[in-house]
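# Survey of secondary and tertiary structure
As a plain string of letters, each chain reads:
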Amino acid sequence: MSCVWLTRSALAATKHPTSCCSAAEIVSVLFFNTMKYKADDPGNINNDRFVLSKGHAAPILYAAWAEAGFLKESDLLNLRKIDSDLEGHPTPKLPFVDVATGSLGQGLGASCGMAYTGKYFDKASYRVYCLLGDGESSEGAVWEAMAFASHYKLDNLVAIFDVNRLGQSEAAPLQHKTDVYKKRCEAFGWNTYVVDGHDVAELCCTLWQAAQVKDKPTAIIAKTYKGKGIAGVENEDNWHGKPMPKDKVESIIKEIQNQIQTNKKLSPQPPVEDAPEISISDIKMQSPNYKIGDKIATRKAYGVALSKLGQANSHVVALDGDTKNSTFSETFKNAHPDRYIECFIAEQNMVSVAMGCATRNRTVAFASTFAAFLSRAYDHIRMGAISQSNVNLCGSHCGVSIGEDGPSQMALEDIAMFRAVPTCTVFYPSDGVSTEHAVFLAANTKGICFIRTSRPDTAVIYSPEEKFEVGQAKVVRQSDSDRVTVIGAGVTLHEALAAADELAKQGMNIRVIDPFTIKPLDAATIISSGRATGGHIITVEDHYKEGGIGEAVAAAVAGQPGFIVQSLAVHGVPRSGKPSELLDMFGISAKSIVEAVKSTFAN
């Protein structure tokens, strides 16, 4: 096929040519025999999907789209240049890329989300193909995705393992033991074939057979050779990520061109146009039903809000990692069981599946678990930002306020983690009303959204009519004689209000701010309140000091003359205990706030 040889010649002097050569026939067969898509409309909702999980082989993807006619062949010469979108690894700057890849082991999870959406939500004909490297199959996330796809009988998903034997620094652990790959895939419940990955006819036949299989995903174990077709390089060590020597480029290109048997123009088959047209923009939601003084945990309010959101829009979906009775995503499941995805205890895969569900604006995806467990999915979240993904994550059971369960369950670094994600909006609601608004706003906010929810029941402090906006704080207690501004969120906002009541009895007034979103932070409100209280600001948070609310506030007021920020935060690794005991032990209780305020007055 001409694409194979065009690809090889186009890549002879680029990075990762050997990884591209091993996959040349696979990509050619997929793009010009198997997949159905509109070449002039790569993001069409009816197109088959292709995910290049081995993202370092990006040039083969670009060459395929050049052969299809979407890219100009001359564009390939700008690979990796500063003014080109043909980057070293694929990103959705390109309309034919649904998710960014390059951090290995993540493409199959996203593919699972796309396939699940196609089969169960869209009920459409499009299929999903994921090309993985053999080296990345050492990643546990791959096998989380393998288990997920089998459990949900994703017969519209095909994973192709490019078993070219060689990794980056040495041979992959199984090398060319294709029988072992086959047994592993079959053990995970996949329909599995072993093929010669350079045999075009065999690939065509096998991919056709895969499309006939029902109720099982298909794995194709393709035995290939790294650097196939390049003399002295094929199947040799130490060529990963290296361009061909400049003095050999011309002879390599000539050798490849001599093998071209036809210049026939190849065209893909058109897709079946049966994916439904949907809208997920400007989602509306009914006002909260809480009354001031009602008591409800924000984690429970999250479930109520999500269920209401699902009623407002039929394309809202929820995922959870076997914690639905703690995060209260089960409230959504009970109301909309056909739109709930149980991902079990596989948080990495859950995040990637959510990203896949959200591609091409097919769903509004909310995924939840204990906030502490999202830390193991952080690389997937980081890649979600690079993927320009609109995924909403809810982390419950934050901080020492969860009590007796102990430090392994306490998220104390999650604010820092999500603040560092460039596309992320960080919501930290403090009552039932603000939680409902956080969910509603997240559904309508681009980028990754993180909602931090707490375990204890706390009082509703806002009326149902209260308006909330991203980046807009609430001044919940103030007077003309405030001496200190105290900023708290979640349980510590309630501790701050209790401290304000106690101090007021003693003739001392403080201003209390609820930031609502930690990122973006409402610097204007904080600075104006800080000025009104002589530059004295105390932050109090159920989180480690590093990267938390205190550091966010300190950054916001940096450069303001006369401002002093004192941070009350959890220090050291906590322990089991009653929530009130732990808040006292780590100096973030109302009692501790009162002491800090009095110390400020004294100074």
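Preceding block: the structure.
The structure presented is a predicted model; accordingly, all values stated were derived computationally and were not measured.

## Focus on the pattern of salt bridges
Taken as a whole, this structure holds 18 salt bridges when the rule is applied. With a closest N to O distance of 2.8 Å, Asp501 and Arg477 form a salt bridge. In this pair, Asp501 is assigned in helix 16 (residues 491-505) and Arg477 in strand 14 (residues 474-477), connecting sequence segments 24 residues apart. Exposure remark for Arg477: the relative accessible area of 29% places this residue in the partly exposed category. Between Asp482 and Arg511 there is a salt bridge, and its shortest N-O distance comes to 2.9 Å. Within this pair, whereas Asp482 is found in the loop between strand 14 and strand 15 (484-488), its partner Arg511 is found in strand 16 (residues 510-514), the two being separated by 29 residues in sequence. Of the two residues, Asp482 and Arg511, neither departs from the other in class, the shared state being buried.

## A look at the packing of aromatic side chains
Scanning all chains against the criterion turns up 21 aromatic pairs. Between Tyr116 and Tyr152 the ring centres are 5.3 Å apart and the planes differ by 85°, which places this aromatic pair in the edge-to-face class. Remark: Tyr152 occurs in the loop between helix 5 (140-151) and strand 3 (157-163) and Tyr116 occurs in helix 4 (residues 107-121); sequence separation between them is 36 residues. Grouping residues by exposure puts Tyr116 and Tyr152 together as buried. Judged by centre distance (5.0 Å) and plane angle (90°), the ring pair of Tyr462 and Phe468 falls under edge-to-face. Between the NZ or CZ atom of Arg49 and the centre of the ring of Tyr126, over which it lies, the distance is 3.7 Å.

## Observations regarding the packing of helix 5 against helix 12 (residues 347-358)
Direction vectors running N to C along helix 5 and helix 12 enclose 70°, while the axes themselves pass 9 Å from each other. The angle between helix 5 and helix 12 falls in the class roughly perpendicular. The element helix 5 and its partner helix 12 pack so that their crossing is right-handed. Contacts between helix 5 and helix 12 involve Ala141, Glu144, Ala145 and Phe148 from the former and Glu347, Gln348, Asn349 and Val353 from the latter. Taken together, the residues that form the contact of helix 5 with helix 12 break down as four nonpolar, two polar and two charged.

About the criteria used
Per-chain numbering applies: the sequence of each chain, read as written, is numbered from 1 onward. Reporting of local features is limited, given that this is a predicted model, to residues whose pLDDT is at least 70; pairs of side-chain atoms are given and counted only at 80 or more, and all residues count toward the totals for whole chains, interfaces and linings. Side-chain metrics in this entry use all non-hydrogen atoms of the structure; hydrogen atoms and water are not considered. Salt bridge criterion: a side-chain nitrogen from Lys or Arg within 4 Å of a carboxyl oxygen from Asp or Glu. Working definition: helices are DSSP H or I runs of at least four residues, strands are E runs of at least two. Numbering for both runs from the N terminus. Exposed residues in this analysis have more than 50% of their type's maximum accessible area, buried residues have under 20%, and partly exposed residues fall in between, with area computed by a 1.4 Å probe over protein chains only. Stacked, edge-to-face and tilted labels apply to pairs of Phe, Tyr and Trp rings (six-membered ring for Trp) whose centres lie within 6.5 Å, assigned for plane angles under 30 degrees, over 60, and everything in between, in that order. Think of it as a cone above the ring: NZ of Lys or CZ of Arg counts as a charge over the ring if it is within 6 Å of the ring centre and within 35 degrees of the ring normal. The axes are straight lines fitted to the C-alpha atoms, using for helices just the contacting stretch, and the angles between their N-to-C directions are given from 0 to 180°. Oblique is the label for any angle not covered by the other classes, which are roughly parallel (under 35 degrees), roughly antiparallel (over 145) and roughly perpendicular (65 to 115). A crossing counts as left-handed when the near helix is turned anticlockwise from the far one by less than a right angle, and as right-handed when that turn is clockwise. Note on definitions: a residue-residue contact is assigned when non-hydrogen atoms from the two residues lie within 4.5 Å. Residues are sorted three ways: Asp, Glu, Lys and Arg are charged, Ala, Val, Leu, Ile, Met, Phe, Trp, Tyr, Cys and Pro are nonpolar, and all the rest, Gly among them, are polar.

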